[in-house]
Amino acid sequence: MKVSEMLVPTLREIPAEAEVISHQLLLKAGFIRKAAAGVYNLLPLAWRVVRKIEQIIREEMDRQGGQELMMPIVQPAELWRESGRWDVYGPELFRLKDRHGRDFCLGPTHEEIITTLVKGDINSYKQLPLLLYQIQNKYRDERRPRFGLLRGREFIMKDLYSFDYDQAGLDASYNKMYEAYNNVFSRCALDFRPVVADSGAIGGKDTHEFMVLADSGEATIVYCEGNDCSYAANEERAEAVMSGEKEVAPLLELKKIHTPDCRTIADLAAFLKITPERIIKTILYTTEKETIAALVRGDREINEIKLYNTLDCVRLDMANPNTILAVTGAQTGFAGPVKLKSVRMVVDSEVMAMVNAVCGANEADQHLVNVNPGRDFEPDIVTDIRLVKSGEPCPNCGNKLLEARGIEVGQVFKLGDKYSKAMNATFLDENGQARLFIMGCYGIGVTRTMAAAVEQNHDERGIIWPPQIAPYHVAVLPVNHKDEHQFAMAASIYRQLVDAGVEAVFDDRPERAGVKFKDADLVGYPLRITVGAKGLAGGQVELTTRQNGEMKMIPLDGVVDAVKSNLRRLGHTRL
Ligand code: ATP
Ligand code: MG
């Protein structure tokens, strides 16, 4: 393609609204344009990248026996009512009505549609397992669409659904997808990690998220520093290891002390000249049913996801000051578990090992010292409800855990019979008995993967595409477009490359060399061929690698081979 004919509207300035680097560079390099908040045009260069990522995904899904189909984006509300999700999905669901007033939504995901489809057409165990997938636009009216393609309201997703005879079948399908996802993200040249993730209130179901490591990531992951241990988890899910044995010390007498204006753990620790580990932190929450008190050690944070999963509730919010006053009799900052009536107490395991601790006295400016769990208060639930931080021991091997930020590009999930049960989707087994399909679902964010690749592959001049997903492999540019010989030689090299199956562009624009170099670096072609007078005099052109700026002179008759071998060296496997 000639650059003069391409739609690549590069910008000089970075639009102010773009906070993260992928958003900035995709706008600046002419890949995307916004249509509405979280809704983007994918211009020709972006579309080429998307199609390459999709192709990698297709190959890996098909290799595992996946079959591609296409389901409707517009979905009837009845199916969502049948699964029970119409009312619980909330404002993220784009809802619409047809001319007859019937409810529909734009698909954020397709469990309802596919379960109905399979229920209608699969009757026998002989037709299982079944792996069905599609690649299409998804719609979610996100509360905060941001970061360009990383969190859109319209985005491209690959979603695959597995249907199996039983749990063992599901385990096998899950493992296939786990392997396929590793292959997909490796082939996209991403630095990623599969992490154990939270499966929500359903509980007990396996799920992994595939996280691309990047500082702009919205998720925090913890992983083991040990080389032989592969433990990695979303912070939401990371398991805490109890630190040591219960302290052996005589239990002292409970006492109330005056602690003026000590409303925070830090205030209190400073006032009493103790470390926060000696203090019990009590935080009140409300659910749709009750108020509860959650207790962790003073130096810890509550993991609200763990707390939520522990409680059988739909909503969980921090209690407001009025509730705190009504329940404890004191203003915010002085809550404690002793004589705290009428609320259930969820206590972190670590708190139960504390001896002669300090906590709020449920009175303004008062705290209790020598508090002993079990003696001075009775927990209702004791479990792990705290956030795990870097430096803590790995639950698998005891080595140190480290923290990193991650972008979730994919997730694999064992659904079990959640949807088949709700929607009564069964098949007949070998004895003619009806059984529920055992299902899994597996998503990859295609547009998010593209943005994540930019987050990991860029420098101050622009994007550096890995060749496997680059929009084009190489840009050919004559230094002086007015020099007819140079121009003709560049055009001929471009032709040779295209004929040899290399994806090349020819920068034929009547621009200064500097402008063309700048644009090529910004767009991020992995290689650049520069055709200049000096080189041509010696029968050579210049080959530049975008990744490291390395320049080599190569003979005119060896351009195609040099380009191909350099692309292979950079990781391209198909040339
Ligand atoms: P998140 O926690 O980031 O909101 P999710 O867990 O709700 O995502 P899934 O339902 O697991 O997302 O969807 C599968 C994949 O689709 C995700 O792993 C992600 O790559 C992609 N995805 C989800 N939401 C968005 C979005 N708003 N914009 C772009 N990609 C998205
Ligand atoms: Mg997810």
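Moving on, we come to the site of ligand 1. Inspection of the region around ligand 1 gives 14 residues, with R140, E142, R151, G152 and E408 positioned closest. In the model, a nitrogen atom of ligand 1 is placed 2.8 Å from a nitrogen or oxygen of the G152 main chain. Contacts to ligand 1 include R448, whose side-chain N or O atom sits 3.0 Å from an oxygen atom. Protein chains bury 80% of the 580 Å² of accessible surface belonging to ligand 1 in isolation.

To continue, consider the sheet that holds strand β18 (residues 357-360). Strands belonging to one sheet form pairs held by backbone hydrogen bonds; the direction of such a pair is parallel or antiparallel. Pairing in this open sheet of three strands is antiparallel, and the strands run β13-β19-β18 from one edge to the other. Here the strands that pair on one side only, and so sit at the sheet edges, are β13 (255-258) and β18. Ignoring which end each strand starts from, the neighbouring axes of this sheet average 30° apart. Pairing between β18 and strand β19 (residues 366-371): three bridges, direction antiparallel. Bridge pairing in β19 places C359 opposite L368.

Attention now goes to the coordination of the magnesium ion (ligand 2). Those donors, E408 (OE) and Q411 (OE1), are the protein atoms that reach the magnesium ion (ligand 2), and they lie 2.0 to 2.3 Å from it. Residue classification places E408 among the partly exposed residues on the basis of a relative accessible area of 27%.

Moving on, we get to the environment of E111. Of note, E111 is situated in helix α4 (residues 111-121). Counting along the chain gives 28 residues from E111 to S83, while the straight-line C-alpha distance between them is 9.0 Å. Beyond its immediate chain neighbours, meaning those up to four positions away, E111 contacts R85, Y161, L415, Y419 and C441. Separated by 2.7 Å, the side chains of E111 and T109 make a polar contact.

Okay, the pattern of salt bridges next. Tallied over the full model, the rule gives 45 salt bridges. Note that D299 is salt-bridged to R297, the shortest N-O span being 2.8 Å. Assessed through its relative accessible area of 31%, D299 is described here as partly exposed. Assessed through its relative accessible area of 14%, R297 is described here as buried. For D429, the salt bridge identified is with R435, shortest N-O distance 3.9 Å.

Attention now moves to the sheet that holds strand β28 (residues 504-506). An order of β28-β27-β29-β30-β31 is seen for the five strands of this open sheet, with the pairing classed as mixed. The open sheet terminates on both sides in strands that have one partner only, identified here as β28 and β31 (551-555). Averaged over all pairs of adjacent strands, the angle between strand axes in this sheet comes to 25°, irrespective of strand direction. Judged from the three bridges that link them, strand β27 (residues 474-478) and β28 form a sheet pairing that is parallel. Pairing of V476 across the sheet is with F506, part of β28.

What follows deals with the packing of aromatic side chains. Per the counting criterion, the structure on display carries 15 aromatic pairs. Relative to Y165, the ring of Y125 has its centre 6.4 Å away and its plane inclined at 75°; by these criteria the two rings are edge-to-face. Of this pair, Y125 sits in the loop between α4 and β7 (130-139) while Y165 sits in the loop between β8 (154-164) and α5 (167-187), and the two are 40 residues apart along the sequence. Note on Y125: relative accessible area 28%, which makes it partly exposed. With a centroid separation of 5.9 Å and an interplanar angle of 35°, the aromatic rings of F185 and F210 are classed as tilted. Residue F185 is found in helix α5, and its partner F210 is found in strand β10 (residues 207-213); the two are separated by 25 residues along the sequence. Exposure class is identical for F185 and F210. Each is buried. In this structure, R48 is placed above the aromatic ring of Y472, and the distance from its NZ or CZ to the ring centre is 3.8 Å. Just above the ring of Y174 sits the side chain of K414; from NZ or CZ to the centre is 4.8 Å.

Okay, the layout of surface pockets next. Roughly 420 Å³ of volume is contained in the second largest pocket. Lining the second largest pocket are 19 residues, with L11, K28, K518, D519 and L522 positioned closest to its centre. Those elements that provide at least two residues to the lining of the second largest pocket are α1 (21-28), β25 (458-459) and α12 (513-523). Looking at the lining of the second largest pocket, the element that brings in the most residues is α12, giving five residues. Partitioning the lining of the second largest pocket into residue classes produces six nonpolar, four polar and nine charged. Counting only domains with at least three residues in the lining of the second largest pocket, you end up with domain 1 (3-239 + 402-454) and domain 3 (472-569).

Calculation criteria
- Residues numbered from 1 in each chain as written.
- Chains lettered and ligands numbered in written order.
- Predicted model: local features only at pLDDT ≥ 70, side-chain atom pairs only at ≥ 80, totals over all residues.
- Heavy atoms only, no water.
- Near = heavy atom within 4 Å.
- Polar contact = N/O pair within 3.5 Å; in protein donor to acceptor, adjacent residues only side chain to side chain.
- Areas by Shrake-Rupley, 256 points an atom, 1.4 Å probe, with all protein chains shown as cover.
- Pairing = 2+ DSSP bridges.
- Helix = DSSP H or I, 4+ residues; strand = E, 2+ residues; numbered from the N terminus.
- Axes fitted to C-alpha atoms, helices over the stretch in contact; angles between N-to-C directions.
- Donors = N, O, S within 2.8 Å, 3.2 Å for Na, K, Ca; no water.
- Buried < 20%, exposed > 50% of the residue type's maximum accessible area, 1.4 Å probe, protein only.
- Contact = heavy atoms within 4.5 Å.
- Salt bridge = Lys/Arg side-chain N within 4 Å of Asp/Glu carboxyl O.
- Phe/Tyr/Trp six-rings, centres within 6.5 Å; stacked < 30°, edge-to-face > 60°.
- Lys NZ or Arg CZ within 6 Å of the ring centre and 35° of its normal.
- 1 Å grid on protein atoms, 1.4 Å probe; cavity = no way out; pocket = protein on both sides within 12 Å on 5 of 7 lines; lining within 4 Å.
- Points joined across faces, edges and corners; volume = space filled by probe spheres on them.
- Nonpolar A, V, L, I, M, F, W, Y, C, P; charged D, E, K, R; others polar.
- Domains from an automatic or database assignment.

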